[in-house]
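Descriptive structure summary
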Amino acid sequence: QVQLVESGGGLVQAGGSLRLSCAASGSFYRINSMGWYRQSPGKERELVATITSGGNINYADSVKGRFTISRDNAKNIVYLQMNSLKPEDTAVYYCNAAVRLRPFNPNTADYWGQGTQVTVSS
C-alpha cells in the first residue's frame, strides 16, 4: 500500500521556474530510489532524473544544468527544481518510487503517481 502524490505543476513562461514535489505515503519498509519521468503528446515516457537513497543522481542530457533533483528521506519526499524552462519541457511529469515493502524481503516494487501537468509557453 503505497501512494505517490505530485504537486507543483502549472503554466509558466519560457525561462521561468517551477518546483515539483512528490510525497510517498502508506505502509513500506524503505524507498530505495525515487525519480521523475515525463511524457508529452505523441511521445514515449522518458526519464528526467532519479535519485537513490544513497544520493546517486542521474539526469537526462536534455535537463542537465537546468533541473535539480533532491529528496528528504525522513519525510519520503522527492523534489524537482526546474529552472530555465523551455517549451520542449512541456509534458505530464510522473513521480516514480522503487519501494522495499518488507524488512526481510529485499525485493522492490515500482509505484507511480498520477502525474502533474507542466506547460511552458514561448
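That block above? That's the structure.
Note that the coordinates shown come from a computational prediction; the quantities given were computed from them, not determined experimentally.

This next bit is on the pairing of strand E4 (residues 30–39). Of all 10 residues making up E4, 7 are buried, and the element is well covered by its neighbours. Pairing analysis gives 9 bridges linking E4 to strand E9 (residues 91–102), with the strands arranged antiparallel. Each bridged residue has a counterpart across the sheet, and for Arg-38 the counterpart in E9 is Tyr-93. For E4 and strand E5 (residues 46–52), the ladder comprises 6 bridges, and the chain directions are antiparallel. Paired with Met-34 across the strands is Ile-51, a residue of E5. Counting the residues that bridge the hairpin from E4 to E5 gives 6 residues, and of these Gly-42 lies at a positive phi of roughly 80 degrees.

It is worth spelling out the packing of aromatic side chains at this point. Scanning the entire structure with this criterion turns up 1 aromatic pair. Between Tyr-37 and Trp-112 the ring centres are 5.1 Å apart and the planes differ by 65 degrees, which places this aromatic pair in the edge-to-face class. Of this pair, Tyr-37 sits in strand E4 while Trp-112 sits in strand E10 (residues 105–112), and the two are 75 residues apart along the sequence. Here Tyr-37 falls in the buried class, since its relative accessible area comes to 19%. Across from the ring centre of Tyr-79, 4.0 Å away, lies the NZ or CZ of Arg-19, which sits over that ring.

The next point concerns the nonpolar core. In terms of nonpolar packing, the biggest core is built from 29 residues, with Trp-36, Leu-80, Met-82 and Tyr-93 touching the most fellow members. Of the residues forming this core, the biggest block, 5 residues, is contributed by E9. Contacts of Leu-80, omitting those with residues within four sequence positions, involve Leu-18, Arg-19, Leu-20, Trp-36, Val-48, Ala-49, Phe-67, Thr-68, Ile-69 and Tyr-93.

Bringing the side chain of Ser-33 into the picture now. Following the sequence through the fold, Ser-33 ends up in strand E4. Separated by 3.4 Å, the side chain of Ser-33 and the backbone oxygen of Ile-51 make a polar contact. In this structure, Ser-33 is in contact with Ile-51, Thr-52, Arg-71, Asn-96, Ala-97 and Ala-98, ignoring residues within four places of it in sequence.

With that settled, consider the state of the cysteines. Any covalent bond linking the sulfur atoms of two cysteines counts as a disulfide. Across all of its chains, the model carries 1 disulfide by this definition. Residue Cys-22 pairs covalently with Cys-95 via a disulfide, S to S 2.1 Å. Disulfide Cys-22-Cys-95: the torsion about the S-S bond is -85 degrees, which places it as left-handed. Of this pair, Cys-22 sits in strand E3 (residues 18–26) while Cys-95 sits in strand E9, placing them 73 residues apart in sequence. For the pair shown, Cys-22 and Cys-95 are each scored as buried.

Most of E9 sits inside the fold, with 9 of its 12 residues counted as buried. Strand direction decides the pairing type here: E9 and strand E11 (residues 116–121), joined by 3 bridges, are antiparallel. Bridging across to E11, Tyr-93 finds its partner in Thr-116. Pairing geometry for E9 and E10, over 6 bridges, is antiparallel. Note that in E10 the partner of Val-99 across the bridge is Ala-109.

So, how was this worked out
Residues numbered from 1 in each chain as written. Predicted model: local features only at pLDDT ≥ 70, side-chain atom pairs only at ≥ 80, totals over all residues. Heavy atoms only, no water. Buried < 20%, exposed > 50% of the residue type's maximum accessible area, 1.4 Å probe, protein only. Helix = DSSP H or I, 4+ residues; strand = E, 2+ residues; numbered from the N terminus. Pairing = 2+ DSSP bridges. Phe/Tyr/Trp six-rings, centres within 6.5 Å; stacked < 30°, edge-to-face > 60°. Lys NZ or Arg CZ within 6 Å of the ring centre and 35° of its normal. Core = buried A, V, L, I, M, F, W, Y, C linked by side-chain atoms within 4.5 Å. Contact = heavy atoms within 4.5 Å. Polar contact = N/O pair within 3.5 Å; in protein donor to acceptor, adjacent residues only side chain to side chain. Disulfide = S-S within 2.5 Å.

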